[in-house]
Amino acid sequence: MSQERKRLYRSESDRKIAGVLGGLSDYLGVDPSLVRIAYAVLTILTGFLPGLFLYLLMAFIVPAEPEASE
């Protein structure tokens, strides 16, 4: 039984800044706009710094989406 694991990548196709939220929406299987709105609201409610720090951290840690081999 070979089941491919779902992995988190920074999106190359749906990116606004670094592709972190686009990749997160692909991983969760939800609309990217909802993820971006939720991130913006949480960042504002937590005082900006924790949300910005988390985004920058994920931009450096989460690998870029691999090239599609056709």
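What this report covers is the structure whose coordinates are included nearby. Quantities reported herein were computed from a predicted structural model and do not represent experimental measurements.

**With respect to the nonpolar core**
And step 1. Ranked by size, the top nonpolar core spans 6 residues in total: Ala 18, Val 20, Leu 21, Val 35, Tyr 55 and Ala 59.
And step 2. Listing elements by their share of this core, those giving two or more residues are α1 (20-28) and α3 (49-61).
And step 3. Discounting residues that sit within four places of it in the chain, Ala 18 has contacts with Arg 10, Tyr 55 and Ala 59.

**Quick notes on the side chain of Thr 43**
And step 1. As for its placement among the helices and strands, Thr 43 is situated in helix α2 (residues 32-45).
And step 2. Once residues lying within four places of it in the same chain are set aside, the contact partners of Thr 43 are Phe 48, Gly 51 and Leu 52.

**Looking at α3**
And step 1. End to end, α3 covers 18 Å across 13 residues, agreeing with the expected 18 Å (1.5 Å per residue, within 8%).
And step 2. For α3, the secondary structure elements touched by its buried residues are α1 and α2.

**Quick notes on unusual backbone geometry**
And step 1. Within the chain, Phe 48 stands out as a residue other than glycine whose phi angle is a positive 70°.
And step 2. Note that Phe 48 resides in the loop between α2 and α3.
And step 3. Judged by relative accessible area, which is 47%, Phe 48 ranks as partly exposed.

Analysis parameters
- Residues numbered from 1 in each chain as written.
- Predicted model: local features only at pLDDT ≥ 70, side-chain atom pairs only at ≥ 80, totals over all residues.
- Heavy atoms only, no water.
- Core = buried A, V, L, I, M, F, W, Y, C linked by side-chain atoms within 4.5 Å.
- Buried < 20%, exposed > 50% of the residue type's maximum accessible area, 1.4 Å probe, protein only.
- Helix = DSSP H or I, 4+ residues; strand = E, 2+ residues; numbered from the N terminus.
- Contact = heavy atoms within 4.5 Å.
- Expected span 1.5 Å × (residues − 1).

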